[in-house]
Amino acid sequence: MRYIKSVALGVFLNIFTHFICYGKAKFKPSVIENAKRSVVSVDTCAALTAYTLPGEAYGNGVVIDKEAGYILTSGFTVGPVIVANYTIGFFNGIEAPAKLIYYDTWADFALLQIDPSLFPKEVQAVKLSSKNPLLGQSVFTIAKEKNKQAIDYPGNIDDTNFSAVWTMPQHFIRVSIPSKSGASGSLIFNKDGEGIALNCAGSETTDIGLHLNYVHHALSALKAKKLPIRKHIGALLTTYSLDDAVRYDHLSAASQKTYCTKFPNAKNKILQVQSILKGTPADHILLPGDLIWALNGQLVGPNLVDFDWALNKSSKDQLLLTIFRNGSFHEVAIPYYDLNSHRVTKMVQFGGVTFFETDDMSSTLAGLQPKTLVACIAEPNTIFKVPAFPNDRFKILAMRLLAINGQPIQRLDRLIELIPELVHQKYFAVEYINYIPLRHGIWNEYVHDRYKTNVEYDPNLAAPKVWAWDPIHFEWKGQEIVL
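Residues numbered from 1 in each chain as written. Predicted model: local features only at pLDDT ≥ 70, side-chain atom pairs only at ≥ 80, totals over all residues. Heavy atoms only, no water.

### Observations concerning the sheet that holds strand β1 (residues 39-49)
The six strands lie next to each other as β1-β2-β3-β6-β5-β4, forming a closed barrel whose pairing is antiparallel. Averaged over all pairs of adjacent strands, the angle between strand axes in this sheet comes to 40 degrees, irrespective of strand direction. Two elements, strand β5 (residues 95-103) and strand β6 (residues 110-113), share four bridges in a ladder whose sense is antiparallel. Within β6, the position partnered with Y103 by the bridge is A110. Against the sheet, helix α2 (residues 29-38) engages β1 and β2 (55-65), with an angle of about 20 degrees to β1. Across the sheet, helix α4 (residues 213-223) is in contact with β2, β3 (70-73), β5 and β6; its angle to β3 comes to roughly 155 degrees. (Pairing = 2+ DSSP bridges. Helix = DSSP H or I, 4+ residues; strand = E, 2+ residues; numbered from the N terminus. Axes fitted to C-alpha atoms, helices over the stretch in contact; angles between N-to-C directions. Contact = heavy atoms within 4.5 Å.)

### Some words on the packing of aromatic side chains
Evaluated as defined, the whole model comprises 20 aromatic pairs. Centre to centre, the rings of Y102 and F109 are 5.9 Å apart; their planes meet at 45 degrees, and the pair counts as tilted. With respect to burial, Y102 and F109 carry one shared label: buried. Site record: aromatic cluster; members linked through ring pairs are Y102, Y103, F109, W469, F474 and W476. For the cation-ring pair, K231 lies above Y336, with the distance from its terminal atom to the ring centre recorded as 5.3 Å. (Phe/Tyr/Trp six-rings, centres within 6.5 Å; stacked < 30°, edge-to-face > 60°. Buried < 20%, exposed > 50% of the residue type's maximum accessible area, 1.4 Å probe, protein only. Lys NZ or Arg CZ within 6 Å of the ring centre and 35° of its normal.)

### Things to note about empty space enclosed by the protein
Here the structure, examined in full by the defined rule, presents four cavities of 30 Å³ or more. The computed volume of the largest cavity comes to approximately 120 Å³. P80, D104, A107, T167 and M361 are the residues nearest the centre of the largest cavity, which is lined by 14 residues in total. Class assignment for the residues of the lining of the largest cavity results in seven nonpolar, four polar and three charged. By volume, the second largest cavity is sized at about 70 Å³. Along the walls of the second largest cavity sit L48, Q349, F350, G351, G352, V353, T354, E379, L461, A462 and A463, which together make up its complete lining. Counting only elements with at least two residues in the lining of the second largest cavity, the list comes to β21 (346-350) and β22 (353-357). (1 Å grid on protein atoms, 1.4 Å probe; cavity = no way out; pocket = protein on both sides within 12 Å on 5 of 7 lines; lining within 4 Å. Points joined across faces, edges and corners; volume = space filled by probe spheres on them. Nonpolar A, V, L, I, M, F, W, Y, C, P; charged D, E, K, R; others polar.)

### Some points on helix α7 (residues 304-313)
Along α7, seven of the ten residues are buried, which leaves the element largely enclosed by surrounding structure. L304, V305, F307, D308, A310, L311 and N312 are the residues of α7 that are buried.

### Quick notes on unusual backbone geometry
For K267, which is not glycine, the phi torsion reads 55 degrees and is therefore positive. On the basis of relative accessible area, K267 is assigned to the partly exposed category, the value being 44%. If you check the backbone angles, N296 has positive phi at about 50 degrees while not being a glycine. As for its position among the elements, N296 is in the loop between β16 (291-295) and β17 (298-299).

### Examining the pattern of salt bridges
Working definition: two side chains of opposite charge can pair if their charged atoms are close together. Following the criterion strictly, the structure yields 19 salt bridges and no others. With its nearest N and O atoms 2.8 Å apart, the salt bridge here joins K146 to D43. Taken together, the residues span a long stretch of sequence, with K146 in the loop between β7 (138-143) and β8 (151-165) and D43 in strand β1 at a distance of 103 residues. For K146, a relative accessible area of 32% puts it in the partly exposed group. As a salt-bridge pair, D192 and K191 come within 3.4 Å of each other at their nearest N and O atoms. For K191, a relative accessible area of 54% corresponds to the exposed category. Shared partners join several salt bridges into a network, and the residues in it are D158, D159, R174, K267 and K269. (Salt bridge = Lys/Arg side-chain N within 4 Å of Asp/Glu carboxyl O.)

### With respect to the sheet that holds β8
Picture the strands of a sheet paired through backbone hydrogen bonds; they go either parallel or antiparallel. Strand order in the closed barrel formed by six strands is β7-β8-β9-β12-β11-β10, with antiparallel pairing between adjacent strands. Direction aside, the axes of adjacent strands within the sheet are offset by 50 degrees on average. Where strand β11 (residues 195-202) and strand β12 (residues 206-211) come together, five bridges link them in antiparallel fashion. Within β12, the residue paired with A197 across the bridge is H211. The sheet contacts of α7 involve β8, β9 (169-176) and β12, and relative to β9 the element is tilted by about 150 degrees.

### Regarding the confidence of the model for the chain
On average, residues of the chain carry a pLDDT of 87, and 89% of them reach 70 or more. At the level of individual helices and strands, the chain shows its lowest average pLDDT in helix α1 (residues 15-24), which scores 38, and its highest in β3, which scores 98. Contacts for the low-pLDDT stretch residues 1-24, under 50 throughout, to residues beyond four places or in other chains number 57 contacts. (pLDDT = per-residue confidence, 0-100.)

### Description of the nonpolar core
Formed by 103 residues in total, the largest nonpolar core has its most connected members in F109, L286, F307, L321 and M347. Take this core: its biggest share by element is six residues, from β5. Sequence-distant contacts of F307, defined by excluding residues within four places in its chain, comprise I233, L237, L271, I292, L295, V300, L319 and L321. With 27 residues, the next largest nonpolar core counts L373, L412, F428 and Y432 among its residues. (Core = buried A, V, L, I, M, F, W, Y, C linked by side-chain atoms within 4.5 Å.)

So, in structure tokens, the structure goes:
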């Protein structure tokens, strides 16, 4: 489940310019030292995953609340949908077990918790700043590899509104910094040692950090012992040049001037629909290329986190959007849906694969509607022999299950009912649609064709098991299927 987080992040500064910028950054030694003592390594040992590879992964985290035992980290560090054990490594080499208490279904962050008595006394919780990052601001990040000393990397913010589809669309800041992606799950710190963004990914010269308003929203709910409200419409948004909107989409110069006057720090960008998640309220209402002009009658800026926050706090059943499409403005009403209702809440281990109903992220990866029954090839000795390109990186969504022995299978509960019969029967046929690359000559293509394959159950594999998500204790609970 280890990810190589090398992301195309736009225009990079050249190396010489970077070194000049780093030389200008000055931070108090005490600030750097306190940050190093707050940053931890996160060792994730995954036993079962839905749509990522099982195994071990390493990342960083940061202590943000010693009294509650909270550690903030990247969502990819802990894994989006996995059964795992987590081990925290502190600056002095001491380790402690942790448990997952929250992960966001779209934004790339998660919260772990340890017994507060296990914190070394020298550790100080980091304050998460409520101020927005500033262009050109001097910052630093800390990378803490397992069983190694923490390293600090100074840099500068070169974009405060980097909206991109990472796991799902979210608002980042971009930092010129040479951390080589080794600080994923750590924070980007200001000169006072406060966190101003969550380090999510990067390259040898640039990191991207999640805007902390996503985290503030979740923490306020969790401290009130509530699940954070997460609403959406299913539109995957990015930012778009207003100059291009005038040139290619026939937006008037007067409208551009109105927008830029309202949002002088927008850098001439506007929110644009990049794609639509199938089966969500925005499907068949919004189209790729639509410009988001106003929300409930109010002109909306290019900050994606502000748009997401407006969805979360709305007390209405639907959102009134003003969009610009094909040279004119249109008003459309779109209902909300609860992101938490699309979580993967149940997984089934059977025959060396994991079956589950897709969440928003895995649905987007495969171009499926949420809650579609699929299987992830997770073990090399699986009984489900499907065509696959052997070096595929994630081995995700090997097949969308359609039928077994001619009986349509659309829900996970129906599969669970059928498994004892299949085990006793031993031989059965499966119909599915393939969603992983096939090799065709020298080309690799995604083939969404329907297939039928014969399956022989192997009693030497792990017994079939159901894993159910406990929303109260935020943990997976497993139970073998009675055969």
